[in-house]
Amino acid sequence: MNYKPCLSIVFFLLLYGFFANAQEIIPIYSGDVPNALPVAGQEIIRNNGGVVSKVSKPTLSIYLPAKEKANGTAVIICPGGGYGVLVIDREGHEVAEAFNKVGIAAFVLKYRLPSDETMQDKSIGPLQDAQQAIKTVRQNATAWHINPDKIGIMGFSAGGHLASTAGTHFNRAYIDNADSISLRPDFMLLIYPVISLTRKLGHSGSAHNLLGKDPTNLQVMNFSNEMQVTPETPPTFLLHASDDKVVNVNNSIQFYQALQADSVAAGMHIYPVGDHGFPKEPAKSNWLDQCKFWLKSSGWL
């Protein structure tokens, strides 16, 4: 694999300094944002920075663990929000800080939210940003003390759809990738994920925001990721609750079954109680431990 450093980002970090557990935010594109229409930024931040909407300028928030704890593993985190908002604090920054404590480098992706006002093709905008995030982290693996073969992606709810899309559509580059850097995440962590965009199983709000009111059958199939699994799909861990009233637990079950059918290493834990977003016990206080256990047992820690 080609892991040519992104010199502009390396220079940025050297210039301003970088301390363990500090946060820095960088744009993921050094030039023009692909697939973007020339409109002014209209980003809205609510709940003391915890929720963001109308995102048109994607960024990465970088969390590097203390050097004595770093183990070389990295996770790119995609917050959820139905492709309408990003719950970027609870499903992003807080998770990144928790990963740092066990030596994992974390990168919170503030990805573009699909909009006909800001994109030529809104269906691929979030995927472009996920691919660019993977490319950026892999390019700068040496500078950030990361093993370039231990870069995973994590997603919550609609962010889980984005993460699973990155993990099933990596063979086609939706971004400029002249150096042919691998866009395949090495593993996936999918937390109460939207997987399917079919009417029977999918989350209607996510499907409408990403594909519009009247998507074609081909679009629905292409972005229903239970149909896109191959033997090359990355190892995956799924977490869901049976009583999830927003995203049907069968999203995780059918994706797991597809992984099993193609002999992809996979784990899944389904809580009897937890609801969407895991506001209820035991999921509320236990879900991250389940992720850490899978990561450790699978050799990523």
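Each remark here, short or long, concerns the structure printed above.
Student: An account of the sheet that holds strand β1 (residues 23–27) is needed here, citing residue identities and associated values.
Tutor: Pairing within the open sheet is mixed, and its 8 strands lie in the order β1-β4-β7-β5-β8-β9-β10-β11. Every interior strand has two partners, whereas the edge strands, β1 and β11 (266–271), have only one. Pairs of neighbouring strands in the sheet enclose a mean axial angle of 15°, with direction left out of account. Inspection of the sheet shows strand β5 (residues 74–78) paired to strand β8 (residues 151–156) by 5 bridges, in the parallel sense. Its bridge partner being in β8, Cys 78 is matched across the sheet by Gly 155. Across the face of the sheet, helix α4 (residues 158–166) comes into contact with β5, β8 and β9 (188–191) while running at roughly 150° to β8.

Student: Describe in detail the nonpolar core, supporting the description with residues and values.
Tutor: By size, the foremost hydrophobic cluster in this structure holds 82 residues, and its most contacted members are Ile 77, Phe 99, Phe 107, Met 154 and Trp 287. Considering each element in turn, this core owes the most residues, 6 residues, to helix α8 (residues 283–297). When neighbours within four sequence positions are excluded, Trp 287 is seen to be in contact with Val 95, Met 154, Phe 156, Ile 191, Leu 239, Tyr 271 and Phe 278.

Student: Explain the pairing of β9 residue by residue, including any values.
Tutor: Alternating residues of β9 divide into Met 188 and Leu 190 and Leu 189 and Ile 191, and every residue in both groups is buried. Of the strand pairs in this sheet, β8 and β9 are connected by 4 bridges, and their pairing is parallel. Residue pairing across strands places Met 154 opposite Leu 189, the latter belonging to β9. Note on the crossover from β8 through α4 to β9: the handedness is right-handed. Of the pairings in the sheet, the one linking β9 to strand β10 (residues 236–241) comprises 4 bridges and is parallel in character. Residue pairing for β10: Ile 191 is matched across the bridge by Leu 239.

Student: Tell me about the packing of helix α3 (residues 125–139) against α4, and name the residues and values.
Tutor: Look at α3 against α4: their axes get within 9 Å of each other, and the N-to-C directions meet at 65°. α4 is crossed by α3, and the crossing has right-handed handedness. Within the contact between the two elements, α3 uses Pro 126, Leu 127, Ala 130 and Ile 134 and α4 uses Leu 162, Thr 165 and Ala 166. Within the contact of α3 with α4, the residues separate by chemical class into 6 nonpolar, 1 polar and no charged.

Student: Tell me about the packing of aromatic side chains, and name the residues and values.
Tutor: Across all of its chains, the model carries 9 aromatic pairs by this definition. Pairing Phe 237 with Trp 294 gives two aromatic rings, centres 5.7 Å apart and planes at 15°, and the pair type is stacked. Placement of the pair is Phe 237 in strand β10 and Trp 294 in helix α8, with a sequence separation of 57 residues. In this pair, the class of Phe 237 matches that of Trp 294, namely buried. When the ring of Tyr 271 is compared with that of Phe 278, the centres are 5.6 Å apart and the planes differ by 75°; the resulting orientation is edge-to-face. Here a set of aromatic residues connected by ring pairs shows up, and it is made of Phe 156, Tyr 192, Tyr 271, Phe 278 and Trp 287. The ring of Phe 170 carries Arg 184 above its face, with NZ or CZ at 5.9 Å from the centroid.

Student: Give me helix α7 (residues 250–261): which residues, what numbers.
Tutor: In this model α7 runs 16 Å from its N-terminal to its C-terminal C-alpha over 12 residues, within 8% of the 16 Å that 1.5 Å per residue would give. Those residues of α7 lying buried are Asn 251, Ser 252, Phe 255, Ala 258 and Leu 259. Buried residues of α7 fall within an arc of 125° about the axis and therefore sit on the same side. Ser 263, located one to two residues past α7, shows a positive phi value of around 60°.

Student: Help me get a handle on the pattern of salt bridges, residues and values and all.
Tutor: This structure, assessed with the given rule, holds 8 salt bridges. Ionic pairing is found between Asp 275 and Lys 280, a salt bridge with its closest N-O pair at 3.8 Å. According to the relative accessible area criterion, Asp 275 is buried, its value standing at 14%. Lys 280 sits in the partly exposed class, given a relative accessible area of 33%. In this structure, a network of salt bridges that share partners links the residues Asp 243, Lys 245, Asp 275 and Lys 280.

Student: How would you sum up helix α5 (residues 204–211)? Please name residues and give values.
Tutor: Buried within α5 we find Ser 206, Ala 207, Leu 210 and Leu 211. On an axial view of α5, the arc spanned by its buried residues comes to 100°, and they lie on one face. Buried-residue contacts for α5 involve α3, α4 and α6 (217–222). Just downstream of α5, Gly 212 is the residue with a positive phi angle, here 90°.

Rules and cut-offs
Residues numbered from 1 in each chain as written. Predicted model: local features only at pLDDT ≥ 70, side-chain atom pairs only at ≥ 80, totals over all residues. Heavy atoms only, no water. Pairing = 2+ DSSP bridges. Helix = DSSP H or I, 4+ residues; strand = E, 2+ residues; numbered from the N terminus. Axes fitted to C-alpha atoms, helices over the stretch in contact; angles between N-to-C directions. Contact = heavy atoms within 4.5 Å. Core = buried A, V, L, I, M, F, W, Y, C linked by side-chain atoms within 4.5 Å. Buried < 20%, exposed > 50% of the residue type's maximum accessible area, 1.4 Å probe, protein only. Right-handed = clockwise from strand over helix to strand, strands pointing away. Left-handed = near helix turned anticlockwise from the far one by under 90°. Nonpolar A, V, L, I, M, F, W, Y, C, P; charged D, E, K, R; others polar. Phe/Tyr/Trp six-rings, centres within 6.5 Å; stacked < 30°, edge-to-face > 60°. Lys NZ or Arg CZ within 6 Å of the ring centre and 35° of its normal. Expected span 1.5 Å × (residues − 1). Arc of directions from axis to C-beta. Salt bridge = Lys/Arg side-chain N within 4 Å of Asp/Glu carboxyl O.

This is a description of form; function is not addressed.
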